[in-house]
Amino acid sequence: EWFFFQKLSTHWLKRHAFMLTAIVITIALIAGLYIGINQLEKIDLGYSLRDFTLSQRLLTELRVVIFYVSLLFWPHPSRLNLDHDFPLSSSLTTPFTTLLSISAIVALAALARHLAPKERFLSFGIIWFLGNLVIESSVIPLEIIFEHRTYLPLVFGIAAIVFLAGRILKPQWLKIAALIMAVAVCAVWTHDRNAIWQDDVTLWSDCVKKSPGKARPHYNLGLALEASGRSGEAIQSYLQAVRINPNHAEAYNNLGVAHAEKGMLPEAVHYYSLSLRINPAFDRAHHNLGLALAGQGRMNEALRHFSEALRINPDYANAHHNLGIALAGKGQLDKAVNHLKRAVHIRPDFAEAHNNLGLAQVKRGNLKQAVESFAEALRIDPDYGEARRNLRLALRQTKQL
């Protein structure tokens with residue numbers, strides 16, 4: 001309103017000062033209610049979980065903003081990456097491009113101020129682009145760089161470029177030719193980029209290629225490969241992730257899972273143990289270690305880790321389920337039934353837990369409850385052959401021929 005329709009009038013600002021102040025205060029109050037009042041504590045906590053400091057982030061964001069500006073003019077697929085490995089700035093001169101970047105940002109802001117009286121659209125395009133990056137480029141401990149942060153800034157940034165190109169290219173045929181060429185080039189680049197996004201494996205392979213020194217792309221590629229049934233390749237990706245970040249508890253846990261799936265239980269136990277050495281409160285690693293130990297016949301150790309997983313996360317359905325199975329195997333049927341009931345309470349669609357609850361009830365002689373559990377397992381999964389066999393045997397025992 002003020003920029004375009006009131007033509008930057010200071011008189012209009014003064015006349016509406018009370019209203020504008022009230023709007024700003026209202027927005028600030030809403031923001032305060034939404035994000036809370038202890039923001040400094042939250043910021044400190046956020047940086048404690050990051051591998052960069054507040055000063056490093058603020059300095060690095062200067063270069064990130066200029067990188068975003070460069071994407072306006074040259075968004076080639078080779079420059080696009082879901083998970084950039086962007087080098088940090090430690091001072092205005094380390095690297096020297098940090099100082100150049102702040103100079104460029106100041107120059108852009110000065111240009112917007114200079115253009116404002118006569119070229120409002122171009123001025124507004126610059127202000128819109130920089131202004132919409134302020135929050136993500138500030139003290140908030142977000143990731144250093146994500147290309148999706150440019151989506152809203154691009155709206156007027158690109159519009160300003162098109163507006164300027166229309167000014168420079170005078171002949172109509174030249175404007176049409178430029179438009180056709182721009183659309184054609186961007187269409188080809190979009191097609192190329194879409195090929196990268198066709199599935200998780202191609203996406204994270206691209207990230208690994210462009211950010212080879214960052215652990216997260218290797219870890220996520222491992223997840224994608226494992227989901228595709230390529231556990232051998234997944235192991236290599238997880239190993240690369242822990243080479244880069246030796247404290248990556250999730251990667252060690254998934255190395256354990258991948259080895260367990262290949263029947264390599266001693267190796268699985270080794271990697272789960274490494275994961276827990278890094279993060280002793282990692283509930284999934286305790287649960288998975290319990291499974292691997294149970295597979296080796298080390299039931300007492302397995303019970304201890306299942307119980308620890310439940311101490312950390314009392315609503316962990318899989319841990320209740322497998323602890324119930326282990327307790328049933330040791331003849332502690334009452335405790336086993338309690339944990340299996342808890343598992344199906346947390347996850348009512350847990351067909352395997354219903355089936356194993358039925359088996360525990362059979363051992364206790366509660367055939368009626370066993371029949372109900374087997375029937376529920378079959379209702380959830382009509383192709384569950386084991387539950388169907390167990391139901392048939394239980395019905396036979398209750399004379400329901």
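Residues numbered from 1 in each chain as written. Predicted model: local features only at pLDDT ≥ 70, side-chain atom pairs only at ≥ 80, totals over all residues. Heavy atoms only, no water.

Caption draft 1: Region of the structure containing a nonpolar patch on the surface. On the surface, Leu54, Leu58, Val134, Ile135, Val139 and Ile140 cluster together into a nonpolar patch covering about 470 Å² of accessible area. For Ile140, the position within the fold is in the loop between α6 (120-131) and α7 (151-168). (Patch = residues over 30% accessible without salt bridge, like charges linked within 9 Å, V, L, I, M, F, W, Y side chains within 5 Å. Areas by Shrake-Rupley, 256 points an atom, 1.4 Å probe, with all protein chains shown as cover. Salt bridge = Lys/Arg side-chain N within 4 Å of Asp/Glu carboxyl O. Helix = DSSP H or I, 4+ residues; strand = E, 2+ residues; numbered from the N terminus.)

Caption draft 2: A look at the packing of helix α15 (residues 299-312) against helix α16 (residues 317-329). Where α15 contacts α16, the two axes come as close as 9 Å, and the packing angle between them is 150 degrees. By the angle class used here, α15 and α16 are roughly antiparallel. Taken as a pair, α15 and α16 cross one another with a handedness that is left-handed. Side by side, α15 and α16 meet where Met299, Leu303, Phe306, Ser307, Ala309 and Leu310 of the first sit next to Ala319, His320, Asn322, Leu323, Ala326 and Leu327 of the second. Along the lines of polarity and charge, the residues of the contact of α15 with α16 split into 9 nonpolar, 3 polar and no charged. (Axes fitted to C-alpha atoms, helices over the stretch in contact; angles between N-to-C directions. Parallel < 35°, antiparallel > 145°, perpendicular 65-115°, else oblique. Left-handed = near helix turned anticlockwise from the far one by under 90°. Contact = heavy atoms within 4.5 Å. Nonpolar A, V, L, I, M, F, W, Y, C, P; charged D, E, K, R; others polar.)

Caption draft 3: Main features of a positive patch on the surface. A surface patch of like charges, here positive, comprises Arg388, Arg389, Arg392 and Arg396. Position of Arg392 relative to the elements: it lies in helix α20 (residues 385-397). (Lys, Arg positive; Asp, Glu negative; His and termini not counted. Charge placed at Lys NZ, Arg CZ, Asp CG, Glu CD.)

Caption draft 4: Main features of the packing of aromatic side chains. Tallied over the entire structure, the rule returns 14 aromatic pairs. With 6.2 Å between their ring centres and 65 degrees between their planes, Phe67 and Phe86 make a pair best called edge-to-face. Here Phe67, found in helix α4 (residues 54-73), pairs with Phe86, found in the loop between α4 and α5 (97-115); they are 19 residues apart in sequence, far enough to count as distant. Per residue, the accessibility class of Phe67 equals that of Phe86, and both read buried. A centroid spacing of 6.5 Å and a plane angle of 20 degrees characterise the contact between Tyr252 and Tyr271, whose relative ring orientation is stacked. (Phe/Tyr/Trp six-rings, centres within 6.5 Å; stacked < 30°, edge-to-face > 60°. Buried < 20%, exposed > 50% of the residue type's maximum accessible area, 1.4 Å probe, protein only.)

Caption draft 5: Expanded view of the nonpolar core. Residues Val64, Phe67, Tyr68, Phe86, Phe129, Ile144 and Ile145 are the most contacted members of the largest nonpolar core, which totals 24 residues. Of all the secondary structure elements, the ones that give two or more residues to this core are α3 (39-48), α4, α5 and α6. For this core, the element with the most residues is α4, which contributes 8 residues. Among all residues touching Phe67, those that are not within four sequence positions of it are Arg79, His84, Phe86 and Ile145. Membership of the second largest hydrophobic core comes to 23 residues, among which are Ala268, Leu276, Leu323 and Leu327. (Core = buried A, V, L, I, M, F, W, Y, C linked by side-chain atoms within 4.5 Å.)

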